[in-house]
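Architecture at a glance
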Amino acid sequence: MSKNHDEQPGASFTELVRLMNTLRSPGGCSWTVAQTHESIMHYLVEETYEVVEAVESPGGVNLPLLREELGDVLLNVIFHARMAAEIPSDQGGFDINDVVEGLSQKLIRRNPHVFGSAQDTASQLSAQEIYDAWDELKKSEKPERTGIFDGVPPHLPALAFTDKALSKATAADVPVQLPDADEADTESVWAATVFALVQEARAQGIDPEKALRNYTKEMMRLSEDRRDLE
């Protein structure tokens, strides 16, 4: 039985926040109390990739696994927000309500074709036009970002990082200037080769991170099968 998409998650979300508050408070969980933003950062990264695993399951999206992994990502969001709430607001502290409110405002602000005065033209816009408008709104909200590559997360996996950087260069219509590869520097030559492969993947509409991940998964499967036959 499908659920009503307009059903509000208020009570269950409030209970989740209460549970985290209890764990983080005196008399709660000593491990949880001892954590910092830095100490739990790797969990958020790991859980995010487990969401990717659920979506890219061989038989299609694994919904039970996706439900569980999205919960684990949400746990990390609640955890970080709780720790931020322990800092006075005049020092930059915030709570989960601020996170949710800020996100809601952003969705409204960046989707004027749905929530603004121009909503009657929404059906006339293509997905690409909506994406381009969203990107322009992002730029206007963050005028301090003046560099071509501002907003490229530096800790992305290398293939995704390169892909994102090339996307930014393309959007800015800026020719890519490549570093000289020193023939005596094996690492430099290897990096230049991989960079060129990412460029080729983009030209063919291939997500290099996903493509290599799927290729390696198949290698693992075949290798396991080969070992079982021996």
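Presented here is an overview of the structure given in this document. These numbers were taken from a predicted model, which means no experiment stands behind them.

Parameters at a glance
Residues numbered from 1 in each chain as written. Predicted model: local features only at pLDDT ≥ 70, side-chain atom pairs only at ≥ 80, totals over all residues. Heavy atoms only, no water. Patch = residues over 30% accessible without salt bridge, like charges linked within 9 Å, V, L, I, M, F, W, Y side chains within 5 Å. Areas by Shrake-Rupley, 256 points an atom, 1.4 Å probe, with all protein chains shown as cover. Salt bridge = Lys/Arg side-chain N within 4 Å of Asp/Glu carboxyl O. Lys, Arg positive; Asp, Glu negative; His and termini not counted. Charge placed at Lys NZ, Arg CZ, Asp CG, Glu CD. Helix = DSSP H or I, 4+ residues; strand = E, 2+ residues; numbered from the N terminus. Buried < 20%, exposed > 50% of the residue type's maximum accessible area, 1.4 Å probe, protein only. Core = buried A, V, L, I, M, F, W, Y, C linked by side-chain atoms within 4.5 Å. Contact = heavy atoms within 4.5 Å. Expected span 1.5 Å × (residues − 1).

**Observations regarding a negative patch on the surface**
- Side chains of Asp180, Asp182, Glu183, Asp185 and Glu187 sit close together on the surface and give a patch of like negative charge.
- Residue position: aspartate 185 is located in the loop between helix H8 (158-171) and helix H9 (186-203).
- Assessed through its relative accessible area of 34%, aspartate 185 is described here as partly exposed.

**A look at the nonpolar core**
- Core analysis: the biggest nonpolar cluster contains eight residues, these being Val17, Met20, Ile40, Ile78, Phe79, Ala81, Met83 and Ile96.
- Residue assignment for this core shows that the elements contributing at least two residues are helix H1 (10-24) and helix H4 (63-85).
- When residues in this core are grouped by element, the largest group, four residues, is from H4.
- Residues within four places of alanine 81 in sequence aside, it is in contact with Phe94, Asp95, Ile96 and Val99.

**Some points on H4**
- End to end, H4 covers 33 Å across 23 residues, agreeing with the expected 33 Å (1.5 Å per residue, within 8%).
- Those residues of H4 that sit buried are Leu66, Glu69, Val73, Asn76, Ile78, Phe79, His80, Ala81, Arg82, Met83 and Ala84.
- Among the structural elements, H1, helix H2 (30-34), helix H3 (41-55) and helix H5 (96-109) are those in contact with the buried residues of H4.

Function-wise, these values are silent; they only describe arrangement.
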